[in-house]
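In case you want the letters, here they are:
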Amino acid sequence: LCSKEQTEMDPADMEDVEEVEEEETAEDNSKARQLTMQMMQNPQILAALQERLDGLVGSPSGYMESLPKVVKRRVNALKNLQVKCAHIEAKFYEEVHELERKYAALYQPLFDKRSEIVRASYEPTDEECEWKQDEEEELTVSKQEEMKEKAKVEEEKKDEEKEDPKGIPEFWLTVFKNVDLLSEMLQEHDEPILKHLQDIKVKFSDAGQPMSFTLEFHFEPNEFFTNTVLTKTYKMRSEPDESDPFSFDGPEIMGCTGCPIDWSKGKNVTLKTIKKKQKHKGRGTVRTVTKTVPNDSFFNFFSPPEVPENGELDEDSEAVLAADFEIGHFIRERIVPRAVLYFTGEAIEDDDDDYDEEGEEADDEEGEEEADEENDPDYEPKV
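Residues numbered from 1 in each chain as written. Predicted model: local features only at pLDDT ≥ 70, side-chain atom pairs only at ≥ 80, totals over all residues. Heavy atoms only, no water.

Visitor: Break down the sheet that holds strand S4 (residues 252–257) for me, with residues and values.
Guide: The sheet built from four strands is open, its strands ordered S1-S2-S3-S4 with antiparallel pairing. Edge positions in the sheet fall to strand S1 (197–204) and S4, since each has one partner strand and no second. Across this sheet, the average inter-strand angle for adjacent strands is 20 degrees, counted without regard to direction. Of the pairings in the sheet, the one linking strand S2 (residues 212–219) to strand S3 (residues 229–237) comprises seven bridges and is antiparallel in character. (Pairing = 2+ DSSP bridges. Helix = DSSP H or I, 4+ residues; strand = E, 2+ residues; numbered from the N terminus. Axes fitted to C-alpha atoms, helices over the stretch in contact; angles between N-to-C directions.)

Take a look at the structure:
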C-alpha cells in the first residue's frame, strides 16, 4: 500500500502539472488550427465541402421523419391552412395596392407643385419659403451674422454677374449623384443629359387591371433626344406560386419594359464607336474596321433584358434584372416621395445614422463581453 505521503501531492506540484497540461492543450490547439488552415487551402477539400454544404441546404433535420404517422397527418393539415393564409395575404396586398393608387392621387398635387418650383414655372411666396429650424438647429448670434455677411457678398456677386438662376438647377441630377444606388449607374457622359430632367412621376395601374407601376422621366427639350418623357413599367404579381406557395412574401416584380429613345444623330450615349485593326491572313495587309458596341450608361435603364415566355434567363441577365427591380422599387418608394431630402442629403444622413446605431450596438455588446472577461478571475488578456 502507498503511504499517505506518497498519495498526496504538494499544491505547488499540482499547479505545475496543471500548467504543463494547459501548455500541451494550447500546443495541440495550435497544431489543429494549423492543420485546418492547410486543409482549407486545398481546392479539392474546399470543393468537396461546398458540395456537402449545398446538399444540406433546404434538407430536413430528420425530426419530421421521426414523427409518428398520425402526427405527420396533422402537420399536413397545418400546411394546408398555411397555403390558405398565403392566398388571404395576397388579397391583402392587392388592397394595399388600391390604397397606394388612392393616396397617389392625393400626393400628386404636391409633387406637381414641387416640379413647378424646380423648373421655375412657379415662384414660391415668402410664406412658402419660410422654414422654422428646430431648437437644435438654431444658429448662434455670431453664426447668424456670419451667414448674413456671406449672403450679402453672394448677392453682390449675383448683381455683378447679372444672372439669376431659374428654379433649382440640376435638382434631379444632384439627387442621383447623392444616392449610391443611382450614382453607380451614372457615367460622365450621362450628366449633361440628366441636367434636363425636370421630374419623375409614378403612375399606378388602373383599378381592375393587372398590378403594375410606371416610372415617368420628364425632360425639357434638349439636344440629345426628341422624347419629352421616358418610361419604365414594372409588372407585378400578388399571388402565391402554386408550385411553391410558402415562398410568397408579398408582391413581386415579374418583369419590366422600357421604351425606345429617339436619339439625335451622334448623341446616343448607350453606344460607342471603336476601331479595330485586322490583318489579312494571306496578303498580310492591315485594315482598320470601325465597330459600334454597347456603352455603359444610365440610359440603358430603359432597355432591360427581355424575359422569355418560359421565364428562363442566363445568370448575367438575372443579375441585371435583379438590380433593375431593386432600383425601380427604390425610385418609386424612396426617391420620388422624398426627393428634396435626397437633394439636401438629409435622407442619406438618416440612413447613415441607422447604420451607425447598429454599429454602436455591436460595439456595446463587445464592450460588455470585454468587461465580463476582465471581471473573470481566470481571464488572461490576449497578447
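And the narrative resumes.
Visitor: Report on a negative patch on the surface, specifying residues and quantitative values.
Guide: A cluster of acidic residues, Glu239, Asp241, Glu242 and Asp244, forms a negative patch on the protein surface. Within the secondary structure, aspartate 244 is located in the loop between S3 and S4. (Patch = residues over 30% accessible without salt bridge, like charges linked within 9 Å, V, L, I, M, F, W, Y side chains within 5 Å. Areas by Shrake-Rupley, 256 points an atom, 1.4 Å probe, with all protein chains shown as cover. Salt bridge = Lys/Arg side-chain N within 4 Å of Asp/Glu carboxyl O. Lys, Arg positive; Asp, Glu negative; His and termini not counted. Charge placed at Lys NZ, Arg CZ, Asp CG, Glu CD.)

Visitor: Describe the packing of aromatic side chains, listing the residues and the values that go with them.
Guide: Taken as a whole and assessed by the stated rule, the structure comprises 21 aromatic pairs. Ring geometry for phenylalanine 219 and phenylalanine 225: centres 5.1 Å apart, planes at 85 degrees, overall edge-to-face. Summarising the burial analysis for this pair, phenylalanine 219 and phenylalanine 225 share the class buried. Each ring, one from phenylalanine 301 and one from phenylalanine 302, has its centre 5.4 Å from the other, and the planes form 80 degrees; the classification is edge-to-face. As far as burial versus exposure is concerned, phenylalanine 301 and phenylalanine 302 are alike and both buried. Lying over the aromatic face of tyrosine 122, lysine 113 brings its terminal NZ or CZ to 4.7 Å of the ring centre. Directly above the ring of phenylalanine 213 sits arginine 332, whose terminal nitrogen or CZ lies 4.7 Å from the centroid. (Phe/Tyr/Trp six-rings, centres within 6.5 Å; stacked < 30°, edge-to-face > 60°. Buried < 20%, exposed > 50% of the residue type's maximum accessible area, 1.4 Å probe, protein only. Lys NZ or Arg CZ within 6 Å of the ring centre and 35° of its normal.)

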